[in-house]
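Each chain is listed here by its residues.
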Amino acid sequence: MTENPNVAESSRPGGPATPTGGPGGTAPGGVPVPKRVRVHHLRQAKERGEPLTMLTAYDGVSARIFDEAGIDMLLIGDSIGNAMHGHETTIPVTVEEMLPAVRAVSLAARRALVVADLPFGSYEASPQQCLATAVRMVKEGGAHAVKFEGGAHLAQHVQLLTRSGIPVVGHLGFTPQAENILGGKRVQGRGNEAAEHLVADAMALAEAGAVAVVLEMIPAPVADRITEVVPIPTIGIGAGPGCDGQVLVWIDMAGMASWSPRFARRFGEVGAELYRAAREYGTAVRERTFPGPEETFEQ
């Protein structure tokens, strides 16, 4: 996939033939307008063996940064509950809480495919309930696709949304909305029977029309098997390196908290730097060195 939307198309990795093909164009000042990642580009990336990148985003500022960094998909996850709102799980998150975040990310992203989670209780009852919630994410939030948790028993949900023009990303393995029945944050798919069940679920979602499937906290060999047999991309989180792509909660990826899950590499220590900046700002205000002459207007 292409890396930087501010680099000329011909100098990007893969050149014009990259799977992020699209209308493109030029913005004022001659800066190239990035080409939007579409659902068919996901399958093309899988076919070419090009890894896909996904990060969560919950606001316009982070979405713009990740988009400009060349991340292929931005997920407004219901992880907003425990990452941003202070909940212990994703379960309390509501549709009304999701929509402003979805809208902010959608408005900021110029290239990435924007995927919105359907929160707990907003889709499970019926395909019609699922469609109604998904329509809100697309019409009111501006999302390009939606994601929800579950396997073969939700195939009809996937079919209805697909027929209605809404792309669906599945989610298998550890499904956070089902944490209470799963007995906590536990690796799923261990043992032959559980592994085959996950493979069957992934195939059912693909056959129903899903455009990709997230695999969370499952043994790498199981994720490899699913990636091999399903025609749609697999996006791993705690599922090993063999998936077609990877996703992380950006708070974990950037080192915003003192603790990160085992499967999340800290690619920065943004939290520590933000703490340092806030401390430095506080000191400057208390010592009356901020604002200085360069930040002050004269009459």
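From a predicted model like this one, the values you see are computed outputs, not experimental measurements. (Residues numbered from 1 in each chain as written. Predicted model: local features only at pLDDT ≥ 70, side-chain atom pairs only at ≥ 80, totals over all residues. Heavy atoms only, no water.)

### Thoughts on the overall build of the protein
A tally of helices and strands in the protein yields 11 helices and eight strands. In the protein, which comprises 299 residues, the proportion classed as buried is 49%. For the protein, the accessible area works out to roughly 14,700 Å², and carbon and sulfur atoms hold 56% of it. (Helix = DSSP H or I, 4+ residues; strand = E, 2+ residues; numbered from the N terminus. Buried < 20%, exposed > 50% of the residue type's maximum accessible area, 1.4 Å probe, protein only. Areas by Shrake-Rupley, 256 points an atom, 1.4 Å probe, with all protein chains shown as cover.)

### Thoughts on the confidence of the model for the protein
For the protein, the average pLDDT comes to 91, and 89% of its residues sit at 70 or higher. With pLDDT under 50 throughout, residues 1-25 is counted as low confidence; its partners more than four residues away or in other chains account for 58 contacts. (pLDDT = per-residue confidence, 0-100. Contact = heavy atoms within 4.5 Å.)

### A closer look at the environment of Thr-53
For Thr-53, the location among the structural elements is in strand S1 (residues 52-56). For the pair Thr-53 and Asp-244, spaced 191 residues apart in sequence, the C-alpha separation works out to 9.1 Å. Once residues lying within four places of it in the same chain are set aside, the contact partners of Thr-53 are Gly-70, Ile-71, Asp-72, Met-73 and Gln-246.

### Some thoughts on the UniProt feature "binding site: Mg(2+)" (unreviewed entry) in the protein
UniProt annotation of "binding site: Mg(2+)" (unreviewed entry) refers to Asp-78, Asp-117 and Glu-149 when read in the numbering used here. Spanning 72 residues, the named residues form one tight spatial group whose C-alpha atoms are at most 11.0 Å apart. Its place among the elements puts Asp-78 in the loop between strand S2 (73-76) and helix H3 (80-83). Taking the relative accessible area as the measure of exposure, Asp-78 reaches 4% and is therefore buried. (UniProt positions renumbered as here; feature names shortened; annotations may be inferred.)

### Looking at helix H6 (residues 155-163)
Every buried residue belonging to H6 is among Ala-155, His-157, Val-158, Leu-160 and Leu-161, and all of these are buried. Its buried side turned inward, H6 meets helix H5 (127-139), strand S4 (145-147), strand S5 (168-173) and helix H8 (192-208).

### Some points on the sheet that holds strand S6 (residues 212-216)
Taken in spatial order, the eight strands of this closed barrel run S1-S2-S3-S4-S5-S6-S7-S8, and their pairing is parallel. Strand-to-strand twist of the sheet, defined as the mean angle between neighbouring strand axes without regard to direction, takes the value 25°. Bridge count between strand S7 (residues 234-237) and strand S8 (residues 245-248): two bridges; the pairing is parallel. The residue of S8 that forms the bridge with Gly-236 is Gln-246. (Pairing = 2+ DSSP bridges. Axes fitted to C-alpha atoms, helices over the stretch in contact; angles between N-to-C directions.)

### A word on the packing of H6 against H8
As a packed pair, H6 and H8 sit with axes 8 Å apart at the nearest point and diverge in direction by 25°. In terms of orientation, H6 and H8 fall into the roughly parallel class. In terms of crossing hand, the pair formed by H6 and H8 is right-handed. Facing Ala-155, Val-158, Gln-159 and Thr-162 of H6, the residues of H8 in contact are Ala-204, Leu-205 and Ala-208. Of the residues in the contact of H6 with H8, the class split is five nonpolar, two polar and no charged. (Parallel < 35°, antiparallel > 145°, perpendicular 65-115°, else oblique. Left-handed = near helix turned anticlockwise from the far one by under 90°. Nonpolar A, V, L, I, M, F, W, Y, C, P; charged D, E, K, R; others polar.)

### Quick notes on the pairing of S6
In terms of burial, S6 is a largely internal element, five of the five residues being buried. Sheet topology note: the S5/S6 ladder contains five bridges and is parallel. Directly across from Leu-172, in S6, lies its bridge partner Leu-215. In this structure, S6 lies alongside S7, joined through four bridges in parallel fashion. Residue pairing in the sheet places Val-213 in a bridge with Thr-234 of S7. On the question of chirality, the crossover connecting S6 to the parallel S7 by way of helix H9 (residues 220-229) is right-handed. (Right-handed = clockwise from strand over helix to strand, strands pointing away.)

### Comments concerning the UniProt feature "active site" (unreviewed entry) in the protein
The positions that UniProt labels "active site" (unreviewed entry) are, in the present scheme, Glu-216. Topologically, Glu-216 is positioned in strand S6. Setting aside residues up to four positions removed in sequence, Glu-216 forms contacts with His-171, Leu-172, Gly-173, Phe-174, Pro-176 and Ile-237. In terms of polar contacts, Glu-216 uses its side chain to reach the side chain of His-171, at 2.9 Å. (Polar contact = N/O pair within 3.5 Å; in protein donor to acceptor, adjacent residues only side chain to side chain.)

### Digging into a nonpolar patch on the surface
Together, Tyr-281, Val-285 and Phe-290 make up an exposed nonpolar region whose accessible area comes to about 290 Å². Considering the arrangement of structural elements, one finds Val-285 in helix H11 (residues 270-286). (Patch = residues over 30% accessible without salt bridge, like charges linked within 9 Å, V, L, I, M, F, W, Y side chains within 5 Å. Salt bridge = Lys/Arg side-chain N within 4 Å of Asp/Glu carboxyl O.)

### A few points about H9
Those residues of H9 lying buried are Val-222, Ala-223, Ile-226 and Thr-227. Mapping the buried residues of H9 onto a view down its axis gives an arc of 135°, with all of them on the same face. Opposite its buried face, H9 presents the exposed residues Pro-221 and Glu-228, each directed more than 90 degrees away. Residues of H9 that are buried sit in contact with helix H1 (39-48), H8, S6 and S7. (Arc of directions from axis to C-beta.)

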